[in-house]
Amino acid sequence: MINFFRKIRQNLLLEGKTRKYIKYAFGEIVLVMVGILLALQVTNWNNQRLDRLREQAILKNLQIDFQNNIANLETASASFEVAYQASVDLLEIIKGDQQINPEEVDHLVDIIVNKTMSYDLITGSINEIFNTGSLNLIQDSALKKQISNWSFYYSDTEDDIVIYRDYLFSFLVPSLTDKVRMRNMSVPDFFEKDLDLPPISKSEFQVNYEQTIRTFEFENEVYNNALNYMYVLNSYKVFQNYLTETLALIDKNIH
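Criteria and cut-off values
Residues numbered from 1 in each chain as written. Predicted model: local features only at pLDDT ≥ 70, side-chain atom pairs only at ≥ 80, totals over all residues. Heavy atoms only, no water. Core = buried A, V, L, I, M, F, W, Y, C linked by side-chain atoms within 4.5 Å. Buried < 20%, exposed > 50% of the residue type's maximum accessible area, 1.4 Å probe, protein only. Helix = DSSP H or I, 4+ residues; strand = E, 2+ residues; numbered from the N terminus. Salt bridge = Lys/Arg side-chain N within 4 Å of Asp/Glu carboxyl O.

A.B. asks: Can you help me understand the nonpolar core in this one?
C.D. replies: The nonpolar side chains of a soluble globular protein tend to be buried, and buried together. Leu62, Leu90, Val105, Ile213 and Leu243 are the most contacted members of the largest nonpolar core, which totals 55 residues. Of all the secondary-structure elements, those providing two or more residues to this core are α2 (18–95), α3 (102–114), α4 (124–132), α5 (141–148), α6 (150–176) and α8 (216–253). At 14 residues, the largest contribution of residues to this core is made by α2.

Printed below as a string of structure tokens:
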């Protein structure tokens, strides 16, 4: 094709048709520019098509992760509600004047210490978005803003969980060693069923719970721990609202 155009130019010059040559050269330049623009347009269209395909893949991965995160959060939140209620029940026993049932106290303390479930957050797809800079592929500005706020909601929730864990295991649990029969608690649910370990027998010590738990100090300890449960439950509620709102935007943008 190039040789063909070159021969035409040469023939025009040899024939002395300068004006025709100039017109032809100009037309050739225009034709080349149009070809370049068309090629660029095709390239841009293809890049946009690939970007939309990548966006859909990202959104579908986010959809799965957010659905699982909401379900896991609901399960964890329910366990904290049970632990909070056990704390309230124990506080009522502490302030009461009726005879204490040791088995009831053991049961309530077991729920407070062992029955809260960790929130196993799935962050694979969201981490990939931030690590690869793929956030710009998402066209919906509202969804992009929601995803950008992930770190704020995640960190805020984690902060309350860390405070709860530190208080529970660094302060409350050690304080129980001379107040209740911790040996009589059940084995935590998260242990694997096939460990094949011999069971631990129950304690035979007799404890005067009227003296060990009906104290001003222990009441404050249980109350502070209950407050920590409240903070976690509130953070879970805020985070759940964020996840639900973001998932709705994700669903809206999946085609």
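A.B. asks: Mind showing me how you'd approach the pattern of salt bridges here?
C.D. replies: A side chain of one charge can pair with a side chain of the opposite charge if their charged atoms are brought near each other. Under the criterion given, the structure shown has six salt bridges. The residue Asp51 makes a salt bridge to Arg54 at a minimum N-O spacing of 2.3 Å. Here the residue Asp51 and the residue Arg54 both occupy positions in helix α2, the gap between them amounting to three residues, near one helical turn. Note that Arg181 and Glu103 form a salt bridge whose closest N and O atoms lie 3.9 Å from each other. On the criterion of sequence distance, the pair formed by Arg181 in the loop between α6 and α7 (209–212) and Glu103 in helix α3 is long-range, its members being 78 residues apart. Here Arg181 falls in the buried class, since its relative accessible area comes to 11%. Look at Glu103 and you get exposed, because its relative accessible area is 53%.

A.B. asks: Would you explain the environment of Gln67 in this entry?
C.D. replies: Relative to the elements of secondary structure, Gln67 occurs in helix α2. Placed 176 residues apart in sequence, Gln67 and Leu243 show a C-alpha to C-alpha distance of 8.4 Å.

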